[in-house]
Every structure is written in structure tokens, then in C-alpha cells.
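Close look at the chain arrangement
Chain by chain, the residues:
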Amino acid sequence: MDSDKVVGAMARWWQTVSQEDNDGMSHNPMLYDPLDGVVKTSKTRQYIAALIICLGAVAAGTALAWTSPVLPQISAPVVNSSTIVTPTNSTGNETSPVSPPIPHDDQLQLTVAQQTWVSSLLAIGAFLGALPTGYIADAIGRRYTAMAMDVPFILAWLSISFAKSAGWLYFGRFLIGISTGSFCVVAPMYISEIAETSIRGTLGTLFQLLLTMGILFIYVVGSMVSWTTLSILCLFVPIALLVGMVMLPETPVYLLKKGRRAEAALSLKWLWGRYCDSRSAIQVIQNDLDQTGADASFLDLFTNRGARNGLIISILLMFFQQFSGINAVIFYTESIFKSAGSSLDASICSIIVGVVQVIMTLTSSVLIERAGRKMLLLFSSTVMTICLAILGAYFDMKDSGKDVSHIGWLPLLCMVLFIITFSVGYGPIPWLMMGELFMPDVRATAVALTVMANWLCVFVVTKCFGIMITEWGSDVTFWFFAGCMALATVYVAVAVVETKGRSSSQIQTWLSGH
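Residues numbered from 1 in each chain as written. Predicted model: local features only at pLDDT ≥ 70, side-chain atom pairs only at ≥ 80, totals over all residues. Heavy atoms only, no water.

The name given to the protein in an unreviewed UniProt entry is Facilitated trehalose transporter Tret1-2 homolog isoform X1, with the source organism recorded as Drosophila arizonae. As stated in UniProt under Sequence similarities (unreviewed entry), the record for the protein gives "Belongs to the major facilitator superfamily. Sugar transporter (TC 2.A.1.1) family." Turning to the protein, the UniProt annotation filed under Subcellular location (unreviewed entry) states: "Cell membrane". (UniProt positions renumbered as here; feature names shortened; annotations may be inferred.)

Set out below in C-alpha cells:
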């Protein structure tokens, strides 16, 4: 074959998105698409991109769990107090019993009221940081939003690490809350817009997985180092995130929304590999965008049936996540271990729980594309309902003075099963489905509202949990959460459809009632 025939064959074999549109970037070899039979995608960079942006989840996890080992070190001694309740989190908020040692810090000795502010300011900041993040992500892009909202993380840890008064801790915790709420919005959104349908579920669970890793890091390292050293170590996570985000591209969905078709193709080539069929992928995205038209208004979330149904499902899944009773189970971790004959320290109990959460959330990332979202949610809520009901019965017998020493293993078994099923279902899946249920025109606002609802539930559960224990007792509190999970089981069975393997347009067709 002569050279002219070779050139002609190569020209027919490759075609670019930009050439179709007479774009000035059409001669960029990265935009060439292979034709017929040689198309293949690479998933490696999709995983890398998801892991990098989910460093924001690690940072959020460290922030959420930070109070558990730190507050006892910087708190003024409390006479006749056996426990300090400190908010941490696996999904929004957890309470963890910690025996207060003598404070290790001579300058910072917080009162109970000051401890409450240090704990609660993160939730307040997260609530306030969520909504504007959606608008910012639509204005400057998902990538630049993540980079911008990472800055408060860095400033917050600097403020906390060198704090000499409660005021600097307040400032740092509020800033860290803003970043936490922001990454709860932008990270799932970014992942849902870069992932192929075949691995969208797996990548979507990475947010919860890395969140639990951040929590476990605090439990392990916090038991060994001072609070200032721990805070400085936490600072390296958002710094690594900022460096990593510099290397990542903007999402193809956002670039197409802004009419930057050639840049969207380059983004796809970076994420899906040089030999992917970017023309077809971009056409699918463009069809979704054409179907929705221009950016929707806030009211379109409620007037459009598909968007409204997606918002209802997302918010209710977040509600059930927070009202699953995870707070109650974690709070009683040490008590349950002791009832089984264990003499483990509270910090060791927390580490064991953290390890179980990480392992089972990792398991969920493997199962999610096999079992599906709906099946895992139903399995999760059903088992949690049974476990919570049994725990309620156990504490009812214990509080009424009955001998329960012969069944001390039962609450431990229920607790382990509860944490396992929570971690494979209601821990990661609400975050995943939040990014799947909305079209690009309303996704940013809808995700922001869902995250705000999550943090509102965090606040309500945190505020009311102590009152429920005092007024209702442990048994009724567990039964209340069991009732919530039973309701979740019925709701998911009736009102939620499987989204595994379905495109955005297929999901919207179902949400719209067609």
C-alpha cells in the first residue's frame, strides 16, 4: 500500500468531534475518535478523579470525628460526670461516649457550653454552605468550585491547630462546616457527571467510603497523639486535595452546558481514555441537555414532575439515613461491648466500629453494580429494623431490672449486624442516588437542597437524641428508630425504582411517570 492510501485510510479511521462542528481545535490529536470496532474505554482515570475529589470526603470525615478524641483533652474537669457526648459522624452525625481524662492543654479548658458550640458550629456551617455551592458550581464549574471550597478547609485547620482561645476554635469549626457542606454537594455531582453508566454506582459509593476512612483516621491517630498534632495532620488532606484538583478536568456535562464542545471532548478523552467514542458520549449528554433546555429556575424543581419526584426521593432517603438510629447504636457501643463481657476502652470500641464501617462500605462499592441500589436499601432497612427492635427489647428488660447477663452477646450481635447493613445500604446509597436522580439543568440546586435537608436532619437528631433518652428511655428510643426503618422499607419497596445501569433520560422517564 502506498503512502497516499495509508494517509487516506487513517483519515477515514479517525474523526473528531471538533471537525464535525468546524471547531478551531479540530487538529488536536487528542480529539480523534476511532471508528468501528476499535472503540474502548479506560476506567482508571475515572477512579483516580473520583478518589481525588473524594479527598474532600476524607477531610469532612476528619472534621466530623475530630471532637471525639479532642474535646476531652481541652475541656475543663467536670465533677461527677462519667461521659461527654461529642458529635462525630459516619453519615452526618454520630454521638460517641468518651471518658473525660484530665485536660492535656493548659491554655484551652472549655466549659460545657463552649464544647456544645465547638460541636454544633460544624453542622450550622455545613447547612449554610450547601445551598450556595449549587449556584457556584453552575457559575464557575464543578472543578473550580471544589478548589475554591477547599480553601476554607485549609484555613480552618490552621485556625484550629494554632488556636489559643475558644473563639479561634469557633471560627475554625464554622469554616470547616462550610467546606464539609460544600463537598457533600460538589463531590457527588462531579462523580455523577464523569462516570460511565457501568461504574457510576461504584464510584458513587467512594464518597461514603472515604468519609468513613477519615473518621477511622481520627479514631486511630487521635488515641495516640495530642490534639494539636492531630489537627496539623488533618491539614495535609485538603492540601493534597487542592494539588490533585489542579490535575483534573472539568466535567463534560458542565462544559457542554456552556457550549464548550471541544473542551468537553478533551475532558472525556482524559477521563475515559483516548480510544473512547467521545462523539457518541457527547451526543448522549447533549440530548439530555436539549431535553431540559436552559438552566431551570428554582421553581422548576417543584413544577416539573420528574425533578419534584427526584427531590422527594433524595430528601426522604437522607431523612431515613439520619433517622436510622445510627446515633443511638454508636452512643451505646461501649455499653453493648461491656454487656458482652468486654472490658475494652471506649477508644478501642470506636476504632472497631470504624474498621467495620470502612470494610463494609468498601463491600458496598463492590455489590452496588451487582445487587443494585434498591435491593441493598431494602436489605439494609429490613435488617436494621429487626436489630433496633431487639435492642429496644434488650434495654427494656435491662431497665426493668431483669437479669440479661445470659444474653449479653445478643446486643453485640445486633450492633455488628446493624453497622454492617447500614454501611452497605443507607450509609453510601443516598449520596449515590442523589447524583443520579436529576437532569443537568436542576442537578446543582437539587443536590444542594438535598444536602441541606440532610444537615437539618443531623441537627434535629443531635438535638433531640438526649431528650429522647431522658424522656422516653433507651427502649422506646430504639423502637422509634425501628419504626422509622420499617417505614423506610415500605417506602423504598413502593416508591423507589432501580437506577442501576440506567441512563439519565431513562431515570427521568420513570420519574415523570411515563
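Let's talk about the packing of helix H4 (residues 55–65) against helix H10 (residues 206–222)
Put simply, H4 and H10 touch, their axes get as near as 7 Å, and they point 40° apart. Considered as vectors, H4 and H10 are oriented oblique to each other. Like other packed secondary-structure pairs, H4 and H10 cross with a definite hand, here right-handed. Residues Leu55, Ala57, Val58, Ala60, Gly61, Thr62, Leu64 and Ala65 of H4 form the contact with H10, whose own contacting residues are Phe207, Leu210, Leu211, Gly214, Ile215, Phe217, Ile218 and Tyr219. Its residues placed into classes, the contact of H4 with H10 shows 13 nonpolar, 3 polar and no charged. (Axes fitted to C-alpha atoms, helices over the stretch in contact; angles between N-to-C directions. Helix = DSSP H or I, 4+ residues; strand = E, 2+ residues; numbered from the N terminus. Parallel < 35°, antiparallel > 145°, perpendicular 65-115°, else oblique. Left-handed = near helix turned anticlockwise from the far one by under 90°. Contact = heavy atoms within 4.5 Å. Nonpolar A, V, L, I, M, F, W, Y, C, P; charged D, E, K, R; others polar.)

Thoughts on the layout of surface pockets
As a volume, the second largest pocket reaches approximately 490 Å³. As for the second largest pocket, its lining consists of 23 residues, and the residues nearest its centre are Ala195, Thr197, Trp272, Val284 and Ile285. Broken down by secondary-structure element, the contributors of at least two residues to the lining of the second largest pocket are helix H8 (166–194), helix H12 (252–257), helix H13 (261–272), helix H14 (278–292), helix H22 (429–436), helix H23 (440–472) and helix H25 (504–511). For the lining of the second largest pocket, the leading source of residues is H14, giving 5 residues. Here the residues of the lining of the second largest pocket sort into 11 nonpolar, 6 polar and 6 charged. (1 Å grid on protein atoms, 1.4 Å probe; cavity = no way out; pocket = protein on both sides within 12 Å on 5 of 7 lines; lining within 4 Å. Points joined across faces, edges and corners; volume = space filled by probe spheres on them.)

Section: the pattern of salt bridges
Counted by the stated rule, this structure contains 7 salt bridges. For Glu193, the salt bridge identified is with Arg142, shortest N-O distance 2.8 Å. Here the residue Glu193 occupies a position in helix H8, and Arg142 occupies one in helix H7 (residues 142–161), the gap between them amounting to 51 residues. Arg142 matches Glu193 in its accessibility class, with the two residues each being buried. (Salt bridge = Lys/Arg side-chain N within 4 Å of Asp/Glu carboxyl O. Buried < 20%, exposed > 50% of the residue type's maximum accessible area, 1.4 Å probe, protein only.)

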